[in-house]
Amino acid sequence: MAPLIYSALITSLGLGTTMTFASSHWFLAWMGIEINTLAIIPLMSQNHLPRATEAATKYFFAQATASATLLFASISNAFFTGEWDITQTPNTPTSTLITLALAMKIGLAPLHSWMPEVMQGLTLFAGLILSTWQKLAPLYLIYQIQPNNPNIFITLGVLSIIVGGWGGFNQVQLRKILAYSSIAHLGWMILILSFSPPLALLTIVIYLLMTFSLFSSFILTRATHINSLSTTWAKIPILTISTPLILLSLGGLPPLTGFMPKWLILQELTKQDLTPLATLAALSSLFSLYFYLRLSYAMTLTMSPNNPAGTLPWRLNPRHNTPLMALTTTSTICLLPMTPAIMALMSF
């Protein structure tokens, strides 16, 4: 892809999200999301492989369906209320329809079926954009329209946690595992959104840190299959230590950063007299923890194959700029002791 076109697409991604963040009008917010969608499709299919083209096509159809539903719901809301303001969305069927359209945009269960298949056809870099940047604009709109009745968010959150864990159970393709991981983590964020918006914001920030760190590790090692993790020691030895810690942080094990949002969410649900719901969420997260442990085992406790297929990457001269990855990895592993300061800062 020509550098000028590539720069224009990356700029459009930033412009679309910024437009949605700056909008208080439903139509402008919808336009920002559409700019995002149209900008990432060429990035998905830039290598012209059949699988990438198929993934881009599936993504387009899923996003077009969600966008049409969102536009219809926002027009209906304007018709019934006389307001296009995002914050003037009452608890009506149009609010529910808007929430479901945005849930499909980010891949929440039960509207998630496009997400693993699309991720599997993408490069790791395109998958990183899809799992992080593309979630921001729809999540901002969901954050703005919190309904008075939290049942729809609770339902979407619990289903996403269960499906995200169960779906990744027997996967061997890393991109599909990352897709199900994304679904599960967004489920935690949606689950707590109605009860503590600042805690939901903290959850999404930590999710972005952990996901960026893990994708960066896989990009450095060019790993796309669970078997390829066993040769990490011969490519970049330090990743044999850091990547399992990132995986365990994603699983929510103490004393790593990923434990913080799960701990605070379970505490908040208990305060809201939703102990059965907190128990169900905690037990469902064990499914996700299993496949994170499986990946950690594959990376640290297995030997490399005698005859690795393809080019031997450790014989090549790697040229990667990793300061940002080092910063996010450190944050992914070491932020738990700062929990009291973060809670005071965000006024929980």
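Everything below is about the structure shown above.
Notes on the structure in this doc start here. (Residues numbered from 1 in each chain as written. Predicted model: local features only at pLDDT ≥ 70, side-chain atom pairs only at ≥ 80, totals over all residues. Heavy atoms only, no water.)

## A closer look at the overall build of the protein chain
Put simply, the test is: Helical segments are the DSSP runs of H or I of at least four residues, strand segments are the runs of E of at least two, and each set is numbered from the N terminus. Note on method: radius of gyration uses C-alpha positions; expected globular size equals 2.2 Å times residues raised to 0.38. To sort residues, take the accessible area from a 1.4 Å probe on protein chains only and compare it with the maximum for the residue type: under 20% means buried, over 50% means exposed, and anything in between is partly exposed. Note on contacts: a residue pair qualifies if any of its non-hydrogen atoms lie within 4.5 Å across the two residues. Under the convention used here, a 1.4 Å probe and the Shrake-Rupley method define accessible areas, while residue burial counts only the protein chains that appear.
Of the regular secondary structure elements, the protein chain holds 16 helices and 0 strands. Computed over its C-alpha atoms, the radius of gyration of the protein chain comes to 20 Å, within 12% of the 20 Å expected for a compact globule of 348 residues. Taking the principal axes of the C-alpha coordinates as reference, the protein chain spans close to 65 × 50 × 35 Å. Taking all 348 residues of the protein chain together, 52% fall into the buried category. Contacts spanning at least 24 positions in sequence make up 78% of the contacts within the protein chain whose residues lie at least 6 apart. Summing over all exposed atoms, the protein chain offers an accessible surface of approximately 15400 Å²; the carbon and sulfur share of this is 68%.

## Quick word on the pattern of salt bridges
The cut-off we apply is this: When a carboxyl oxygen of Asp or Glu lies within 4 Å of a side-chain nitrogen of Lys or Arg, that pair is called a salt bridge.
What the rule picks out here adds up to 4 salt bridges. In this structure, Lys 58 and Glu 117 form a salt bridge, with 4.0 Å as the shortest nitrogen-oxygen distance. Separated by 59 residues along the polypeptide, Lys 58 in helix α3 (residues 50–81) and Glu 117 in helix α5 (residues 114–120) bring together distant segments of the chain. Among the residues examined, Glu 117 registers a relative accessible area of 29% and is labelled partly exposed. Taken together, the salt bridges that share partners define one network made up of Glu 54, Lys 58, Glu 117 and Lys 176.

## Some remarks on the packing of aromatic side chains
Aromatic rings in a pair are described by how distant their centres are and how their planes are angled relative to each other. We apply this condition: Here a Phe, Tyr or Trp ring, Trp counted by its six-membered ring, pairs with any other such ring whose centre lies within 6.5 Å, and the pair is stacked when the planes are under 30 degrees apart, edge-to-face when over 60, and tilted otherwise.
If you walk through the whole model with that rule in mind, you get 11 aromatic pairs. Ring centres of Phe 291 and Tyr 292 lie 4.8 Å apart, and the angle between their planes is 55°; this geometry places the pair in the tilted category. For Phe 291, a relative accessible area of 0% translates into the label buried. Each residue in the set Trp 166, Phe 169, Phe 287 and Tyr 290 is aromatic and connected to the rest through ring pairs, giving one cluster.

## A short note on the environment of Ala 137
Considering the arrangement of structural elements, one finds Ala 137 in helix α7 (residues 133–144). Of the residues examined, Ala 137 reaches a relative accessible area of 0% and is grouped as buried. Note: C-alpha distance between Ala 137 and Ile 106 (31 residues apart in sequence) is 9.3 Å. Filtering out sequence-adjacent residues up to four positions away, Ala 137 remains in contact with Thr 17, Thr 20, Phe 21, Ile 33 and Asn 36.

## Concerning helix α15 (residues 323–334)
For clarity, the cut-off: A helix is expected to reach a length of 1.5 Å times the quantity of its residues less one.
Taking 1.5 Å of rise per residue, 12 residues should cover 16 Å, and α15 covers 16 Å from first to last C-alpha, within 8% of that figure. Turning to α15, its buried residues are Met 325, Thr 328, Thr 329, Ser 331, Thr 332 and Ile 333. Where the residues of α15 are buried, they touch α10 (197–221) and α12 (239–251).

## Quick word on the environment of Ser 45
Cut-off, in case you're wondering: Polar contact is defined as a pair of N or O atoms within 3.5 Å, subject to the rule that within protein one atom must be able to donate a hydrogen and the other to accept it, and that residues adjacent in sequence are counted only when both atoms are side-chain atoms.
If you trace the backbone, Ser 45 turns up in the loop between α2 (26–44) and α3. As for Ser 45 and Ile 106, which are separated by 61 residues in sequence, their C-alpha atoms are 20 Å apart. At a separation of 3.2 Å, a polar atom in the side chain of Ser 45 contacts the main-chain carbonyl oxygen of Ile 41.

## Remarks on the packing of α2 against α7
What counts, and what does not: Every axis corresponds to a line fitted to the C-alpha atoms, with the helix fit spanning only the stretch in contact, and the corresponding angles, defined between N-to-C directions, vary from 0 to 180 degrees. Angle categories: roughly parallel below 35 degrees, roughly antiparallel above 145, roughly perpendicular from 65 to 115, and oblique for all the rest. If you view the pair so one helix is near and one far, a crossing is left-handed when the near helix is turned anticlockwise from the far one by less than a right angle, and right-handed when it is turned clockwise. Ten residues, namely Ala, Val, Leu, Ile, Met, Phe, Trp, Tyr, Cys and Pro, are considered nonpolar, four, namely Asp, Glu, Lys and Arg, are considered charged, and the remaining ones, Gly among them, are considered polar.
Here α2 crosses α7 at 165°, and the two axes come no closer than 10 Å. In terms of orientation, α2 lies roughly antiparallel with respect to α7. Note that α2 runs across α7; the crossing there is left-handed. Listed contacts from α7 to Trp 26, Ala 29, Ile 33, Asn 36, Thr 37 and Ile 40 of α2 are Trp 133, Gln 134, Ala 137 and Leu 141. Of the residues assigned to the contact of α2 with α7, the class counts are 7 nonpolar, 3 polar and no charged.

## A word on a nonpolar patch on the surface
Here is the rule we go by: For patch building, the residue pool is restricted to those with more than 30% relative accessible area and no salt bridge; the joining distance is 9 Å between like charges and 5 Å between nonpolar side chains (Val, Leu, Ile, Met, Phe, Trp, Tyr).
Taken together, the side chains of Phe 27, Leu 28 and Met 31 make up a nonpolar region of the molecular surface, amounting to roughly 240 Å² of accessible area. Residue position: Phe 27 is located in helix α2.

## What to know about the packing of helix α9 (residues 174–193) against helix α13 (residues 259–271)
Put simply, α9 and α13 touch, their axes get as near as 10 Å, and they point 35° apart. In terms of crossing hand, the pair formed by α9 and α13 is left-handed. Residues His 185, Trp 188, Leu 191 and Ile 192 of α9 pack against Lys 262, Ile 265, Leu 266, Glu 268 and Leu 269 of α13. The residue inventory of the contact of α9 with α13, partitioned by class, reads 6 nonpolar, 1 polar and 2 charged.

## Looking at the environment of Leu 266
Position of Leu 266 among the secondary structure elements: in helix α13. Classification of Leu 266 as partly exposed rests on a relative accessible area of 24%. Each C-alpha atom, one on Leu 266 and one on Leu 250, is 16 Å from the other, the two residues being 16 residues apart in sequence. Excluding residues within four positions of it along the chain, Leu 266 makes contact with Trp 188, Ala 278 and Ala 282.

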